[in-house]
Amino acid sequence: MTARKYSSRTTRILIAALFLVAYIISLAMPVSADTIPTKTFAEDSQTPTLIFAPATPSTTPTTTPTTIPVPKPPAPKPKPEPKPKPTPKPVVKPAPVFISNHRLSMGSRGADVIRLQRRLTELGYNPGAINGRYNMHSCYAVVAFQKVNGLSRDGAAGKSTLRALSYPKIIKARYKGDHVEVNKALQVLLIVRGGKVTKIFPVSTGRHGHTTPSVTARVYSKPGYQYRSKKYDGIMTWTSFFYSGVAVHGYPSVPTKPASHGCVRVPIVDCKYIYNNMPMGSLVYVY
């Protein structure tokens with residue numbers, strides 16, 4: 001009996017010693033990454049046994065960081081190269097036209113007057129025959145030139161007029177086709193053919209209170225050489241009526257400013273030429 005008690009006690013002490021030694025060894029040993037100590041119990045014994053089981057790999061999916069591409073700014077559009085500006089052609093100013101070194105007026109004669117008459121004819125004015133005599137034809141042609149070029153309207157070719165004859169202003173027709181135009185601002189009448197001015201004459205339109213109407217009309221009556229106006233008791237030469245009693249006609253007095261009763265006065269020396277170039281039905285523009 002004593003021997004059994006002794007044997008049982010000794011067995012327990014040995015088991016406890018072994019357990020203590022195993023525990024101390026397990027604490028001294030390094031735990032690997034592949035094993036994790038787990039505590040289990042035998043089915044028939046309540047004595048705990050230390051078992052090193054392999055670690056279960058984590059099933060949590062690892063998230064790889066995604067890189068969001070940053071869009072590149074659009075490349076700048078190439079600027080178009082500026083086109084080279086064309087080199088302007090040099091303006092060649094025509095040489096001055098020599099007419100005379102002194103003033104020409106009524107009664108002047110000679111080569112200087114011939115040059116004046118030729119130049120006026122080239123520019124579309126009507127100095128009459130190119131005969132070297134400064135007469136009424138030449139005087140009225142100079143007046144018309146002075147009106148178009150904004151010069152003093154004295155009918156004499158002085159320094160300003162002679163200089164302007166080299167670089168004159170060119171008057172153009174406002175309308176196309178064949179017709180007659182009366183420019184009240186400049187006080188001139190234009191014979192137009194094919195839209196181009198062929199002749200320029202001085203006129204005197206209606207004065208204040210008798211203004212010549214601005215109209216587009218047609219010639220409706222041509223009484224011939226002379227026509228007596230009952231209303232004004234005057235003789236009109238080579239008359240062409242175009243609007244309600246208003247006519248283009250020759251008259252002895254043609255001032256450089258508006259002075260008529262409403263008609264368009266033209267010089268006696270020019271009126272027949274104008275009459276012949278204003279046939280029945282022809283258009284007349286007054287502006």
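This structure is a prediction, so every number in the text was calculated from the model and none was measured.

Structural notes on the overall build of the protein chain
- For the protein chain, the helix and strand inventory stands at five helices and eleven strands.
- Across the 287 residues in the protein chain, those meeting the buried criterion constitute 35%.
- Counting contacts in the protein chain only where the partners sit at least 6 residues apart, residues at least 24 apart contribute 48% of the total.
- Entry remark: accessible area of the protein chain is about 19,400 Å², with carbon and sulfur atoms responsible for 60%.

Quick notes on helix α3 (residues 136-148)
- End to end, α3 covers 19 Å across 13 residues, agreeing with the expected 18 Å (1.5 Å per residue, within 8%).
- For α3, the buried fraction is high: eleven of the 13 residues fall into the buried class.
- Listing the buried residues of α3 in full gives S138, C139, Y140, A141, V142, V143, A144, F145, Q146, K147 and V148.
- For α3, the elements touching its buried residues are α2 (111-122), α4 (159-164), β4 (188-193), β5 (196-202), β10 (264-267) and α5 (268-276).

Focus on the side chain of N277
- Here N277 shows up in the loop between α5 and β11 (283-286).
- Those residues within four positions of N277 in sequence are excluded, and the remaining contacts are V180, I191 and R193.

Some thoughts on the layout of surface pockets
- Estimated volume of the largest pocket: approximately 410 Å³.
- Where the lining of the largest pocket is concerned, the elements lending two or more residues are β7 (221-229), β8 (234-243) and β9 (246-251).

Describing the pairing of β9
- The buried fraction of β9 amounts to five of the six residues, a majority that puts the element mostly inside the structure.
- Two strands pair when backbone bridges link them, and β8 and β9 are joined in this way by four bridges, in the antiparallel orientation. If you follow S240 over to β9, its bridge partner there is V248.
- Count of turn residues in the β8/β9 antiparallel hairpin: two residues, of which S244 carries a positive phi of about 45 degrees.
- With four bridges joining them, β9 and β10 adopt parallel strand pairing. If you follow Y251 over to β10, its bridge partner there is P267.

Structural notes on the packing of aromatic side chains
- By the definition in use, this model includes eight aromatic pairs.
- Linked through ring pairs, Y175, Y285 and Y287 together constitute an aromatic cluster.
- A cation sits over an aromatic face here: K222 above Y275, 3.7 Å from the ring centre.

Quick notes on the confidence of the model for the protein chain
- When pLDDT is averaged along the protein chain, the result is 86, and 83% of the positions lie at 70 or above.
- Below a pLDDT of 50 lies the segment residues 35-45, which in the model reaches 24 contacts outside its immediate sequence neighbourhood of four places, other chains included.

Observations concerning the sheet that holds β10
- With mixed pairing, the four strands of this open sheet are ordered in space as β7-β8-β9-β10. The open sheet has two edge strands with one neighbour each: β7 and β10. Adjacent strand axes in the sheet meet at a mean angle of 30 degrees, parallel and antiparallel pairs treated alike.

Reading the values: the criteria
Residues numbered from 1 in each chain as written. Predicted model: local features only at pLDDT ≥ 70, side-chain atom pairs only at ≥ 80, totals over all residues. Heavy atoms only, no water. Helix = DSSP H or I, 4+ residues; strand = E, 2+ residues; numbered from the N terminus. Buried < 20%, exposed > 50% of the residue type's maximum accessible area, 1.4 Å probe, protein only. Contact = heavy atoms within 4.5 Å. Areas by Shrake-Rupley, 256 points an atom, 1.4 Å probe, with all protein chains shown as cover. Expected span 1.5 Å × (residues − 1). 1 Å grid on protein atoms, 1.4 Å probe; cavity = no way out; pocket = protein on both sides within 12 Å on 5 of 7 lines; lining within 4 Å. Points joined across faces, edges and corners; volume = space filled by probe spheres on them. Pairing = 2+ DSSP bridges. Phe/Tyr/Trp six-rings, centres within 6.5 Å; stacked < 30°, edge-to-face > 60°. Lys NZ or Arg CZ within 6 Å of the ring centre and 35° of its normal. pLDDT = per-residue confidence, 0-100. Axes fitted to C-alpha atoms, helices over the stretch in contact; angles between N-to-C directions.

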